[in-house]
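Examination of the molecular architecture
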Amino acid sequence: MTLRSLALPKLGYLSATHVFLLLGIFALLSADLAVSALDPWAEMRRLVSGLLRPDLFSIEAMSVVWTVAFAVIGVALGASAGFALALVFARWRAVRILAASVRSVHELFWALLLIQVTGISAVTGILAVAIPYSGIFAKVFAEMIEEADLSAERVLPPASSIVARFAYVRIPELAPQFWTYTLYRLECGLRSTLVLGFIGLPTIGFHLDSFFKQGHYAQAAALLLAFYLLIGTRRLWARPATVPLLIIASLLVLPETIGAGSFSGNILRFLGHDIVPTPLRNADLLVGATWTNFAAWLWPIVVKQILPGIGQTLVLSQIALVAMGMIALVLFPFICRRFAGRIGQPLGRVALVVVRSTPEYMLVYVLLQLLGPSMLPAIIALSVHNGAIVGYLMGRHADTLDYRQDAPKGVNLYCYETVPRLYGQFLAYALYRWEIILRESAVFGILGIATLGYYIDAAISEIRLDVAFVLIIATALLSMTVDAFSRGLRRRLRIDTLPTRLSAAPSEARVGAPGGEPRFA
Amino acid sequence: MSILVELNSASAGYAGQAVLHDIDLKINAGERIAVMGRSGAGKTTLLNLLYERLAGRVALIPQATALVKTLSVFHNVYMGRLDRHPTWYNLRTLVWPRRRDVAEIEQVLDLVGLTDKLFAKAGALSGGQQQRTSVARALYNGRPIVIGDEPVSALDRIQGGEILGALCARHETAILVLHDIPFALGTADRVVVMEAGRIALDAPARELTAADLVPYYGG
């Protein structure tokens, strides 16, 4: 027997899938999936009947306006800052680290921290989106700059200035991509600002929270309908030409701040006192005893909160990841012309876009009310939402495949041609969404599932911001670790160059173009 | 001899643009036809047209080998008969092939000299090996007519000759695009030469010499 055959089996698509499935099964066995609600079906019926009869007159118009305004300004700020950072992203390590750390903290956690400084205010709503998004924009814009076809730049006269190079080559080449991605981020931003309402900001989520709590499902349905309409029509109202108008209008309608006090006083208190670990406050940092106290303070946080929180976060995200993969593989034929046909395909697309537009946080919130507290609502929400996204992308890839003329049909085509040919792409999407699922898993703790967010929310409501800060750092480190691991895995599987972003998937234009199939006269 | 297909002043094209004009062609069962001509002359379009007319009776070897690169050679060859098994059986074969099928496909791979690659990933093969896998899929398919678009273009003369022999032995009728003149004259009993979307020459192979064909290649 050679040494090679003694070693572990080679990492391939199949073995990677097996490992993830196995981990998913282990996680499932250790998860709490009980349905503890007494009569979930009765409540479900009330919910569905309410959703089917939206009460359009009850819409709080200003909450919709503020949801859009926060998102527009937040995304605009994030995109501008991200663009500036992207220019030096490849050169400066510090920028890469900064971008990675701001984006590894979820918008809701940013909002929870910012509320301590800027109160329940427009500034909180905007910065909670702008800060993490600037990190995301920096990375994505930098990748686009790097991947851009800059062959035209090489033929410019060597003495051309940097500005000229930018204006003639880079901007024309990159602007359409930047715009597509920004538009996609605006959609995410709208979901984010909606959800910020659940923790007290005056957006749609604030009213949804009270409607759902009181069982006023018809009113909630009207708000959701308005939200879907906003997302569905975003290509109409968010255009390059309307951007200045949108930003100015958004600035004009911003709500007044409620009880924040002086900003400078708040931020000094926050940075200098609140988030400094209690044993280090006003202590002599050169004395050994200070650090002994610090260790004694930190140890129980690590053992009783961080480790169990990480455990539950990983369990939830692992189950959700595997379930997402299965859902995506089942769903994607429904938006694929070859399988769903010319009539089925658009219907399938609409369904997947609606599912994708539903904020997961709200879905978990509703499901928790229906099913009672357990991990099940979070698993359903995460896997369905992400499954719809990956399914949508896979469907678009599947439409670009050229099959040989004598290719099989139906299930045979799916199993022997479509899935094998797209499997690498599928893994690329799934691994990319792993880190996103993990970040969301941590956040769902705010709703009572024992992931990291649960401990963060508890620490904040006990006004122990120093503890919350440590927990948020731990969460950020966890998500960065998973991100690095996922990237490493994608490299090992040689799928690291495949598209993973929504905006990088094959475009509709290419999908609709006549393929290799000849038409006979 | 029975007529398989008959084209009368047929034309065909892509998206409204005609590539073939006034094609008159009658093909009998049992014929071995070499389709020749320069690139762009309309050979592939002619094959597509014939494939449409003969659908259901054809084993196809497309110009691009059209293999699923993430699956093994075995599975790619097995695909030639997907329509002849129930779907559950095909799904089972995907994860756990039956020994009988493996043995049968091994025999087919023996004809193209690929038995040692039975469970290798198709994507890991060289261009010539992929082409032989594509041929094996048609051989395993076993339908009476084989339509091949340059089935041996990536192979050397000896190997190409063996494979053409296997194709002609296994399939009653063969319609093959070939570029190699001696090959065409040696394998086929009828030569059809395409030029600018029309049939420029249609003659029995025994009446032709290499010198008759060279002009169509600009030589």
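Figured I'd write up the structure that's included with this text. Note that the structure is a prediction, hence the values are computed from the model and not measured. (Residues numbered from 1 in each chain as written. Chains lettered and ligands numbered in written order. Predicted model: local features only at pLDDT ≥ 70, side-chain atom pairs only at ≥ 80, totals over all residues. Heavy atoms only, no water.)

1. Regarding the interface of chain B and chain A
On the chain A side, the residues contacting the 27 residues of chain B number 17 residues. Overall, the association of chain B and chain A removes approximately 2000 Å² of surface from exposure, summing both partners, and the carbon and sulfur fraction of that is 62%. Among the residues chain B hides against chain A, the three largest losses belong to B:V68, B:T70 and B:L82. Together they make up 19% of the total. Applying the counting rule to chain B against chain A returns zero salt bridges. Linking chain B with chain A are three residue pairs in polar contact (both at pLDDT 80 or more). Secondary structure elements with two or more residues in the side of chain B that touches chain A: β1 (3-14), α1 (43-54), α2 (73-78) and α3 (87-95) of chain B. Residue classes in the side of chain B that touches chain A are distributed as 15 nonpolar, 10 polar and two charged. (Contact = heavy atoms within 4.5 Å. Buried area = accessible area lost by both parts, 1.4 Å probe. Salt bridge = Lys/Arg side-chain N within 4 Å of Asp/Glu carboxyl O. Polar contact = N/O pair within 3.5 Å; in protein donor to acceptor, adjacent residues only side chain to side chain. Helix = DSSP H or I, 4+ residues; strand = E, 2+ residues; numbered from the N terminus. Nonpolar A, V, L, I, M, F, W, Y, C, P; charged D, E, K, R; others polar.)

2. Details of the layout of surface pockets
Taken as a whole, the largest pocket holds about 1500 Å³ of empty space. Taken together, 39 residues line the largest pocket, and the ones lying closest to its centre are A:Y13, A:L14, A:S15, A:T17 and A:Y423. Taken together, the elements giving at least two residues each to the lining of the largest pocket come down to α2 (13-30), α15 (288-331) and α19 (410-443) of chain A together with α3 of chain B. When residues in the lining of the largest pocket are grouped by element, the largest group, nine residues, is from α19(A). Within the lining of the largest pocket, the residues separate by chemical class into 27 nonpolar, eight polar and four charged. Of all the secondary structure elements, the ones that give two or more residues to the lining of the second largest pocket are α4 (61-89), α5 (93-103), α7 (122-147), α9 (162-196), α19 and α21 (465-492) of chain A. Per-class residue counts for the lining of the second largest pocket are 15 nonpolar, four polar and 17 charged. (1 Å grid on protein atoms, 1.4 Å probe; cavity = no way out; pocket = protein on both sides within 12 Å on 5 of 7 lines; lining within 4 Å. Points joined across faces, edges and corners; volume = space filled by probe spheres on them.)

3. Focus on a nonpolar patch on the surface
Where nonpolar side chains cluster on the molecular surface, the patch consists of A:V19, A:L22, A:L23, A:I25, A:F26 and A:L29 and spans about 630 Å² of accessible area. Within the secondary structure layout, A:L23 lies in helix α2. (Patch = residues over 30% accessible without salt bridge, like charges linked within 9 Å, V, L, I, M, F, W, Y side chains within 5 Å. Areas by Shrake-Rupley, 256 points an atom, 1.4 Å probe, with all protein chains shown as cover.)

4. Considering the side chain of A:N386
All names here are of chain A. As for its position among the elements, N386 is in helix α18 (residues 376-400). For N386, the side chain forms a polar contact with the main-chain oxygen of L382, separated by 2.9 Å. Residues contacting N386, with those up to four places away along its chain left out, are M324, E360, R433 and I437.

5. What about the pairing of strand β5 (residues 145-149) of chain B?
If a strand is regular, its side chains alternate between the two faces of the sheet. Residue and element names in this part refer to chain B. For β5, the buried fraction is high: five of the five residues fall into the buried class. The alternating pattern of β5 places I145, I147 and D149 and V146 and G148 on opposite faces, both of which are buried. Here strand β4 (residues 58-61) runs beside β5; their pairing, made up of four bridges, is parallel. Residue pairing for β5: I61 is matched across the bridge by G148. By the bridge criterion, five bridges tie β5 to strand β6 (residues 173-177) in an arrangement that is parallel. Across the sheet, residue I145 finds its bridge partner in β6, namely T173. (Buried < 20%, exposed > 50% of the residue type's maximum accessible area, 1.4 Å probe, protein only. Pairing = 2+ DSSP bridges.)

6. Side note on empty space enclosed by the protein
Residue and element names in this part refer to chain A. Overall, the coordinates contain one cavity of 30 Å³ or more when judged by the stated rule. Taken as a whole, the largest cavity spans an internal volume of roughly 580 Å³. I136, R185, R433, I436 and R439 are the residues nearest the centre of the largest cavity, which is lined by 32 residues in total. Those elements that place two or more of their residues in the lining of the largest cavity are α6 (107-118), α7, α9, α17 (360-371), α18 and α19. It is α9 that provides the largest number of residues to the lining of the largest cavity, a total of eight residues. Class assignment of the residues belonging to the lining of the largest cavity gives a composition of 15 nonpolar, five polar and 12 charged.

7. Concerning the pattern of salt bridges
Summed over all chains, the structure comprises 21 salt bridges over all chains. The closest approach of N and O atoms between A:R269 and A:D274, which form a salt bridge, is 3.1 Å. We note a salt bridge from B:R190 to B:D202, for which the minimum N-O separation is 2.9 Å. On the criterion of sequence distance, the pair formed by B:R190 in strand β7 (residues 190-195) and B:D202 in strand β8 (residues 198-204) is long-range, its members being 12 residues apart. The exposure class assigned to B:D202 is partly exposed, which follows from its relative accessible area of 36%. One connected set of salt bridges, linked through shared partners, spans A:E187, A:R191, A:R234 and A:R356.

The analysis is restricted to geometry; functional conclusions fall outside its scope.
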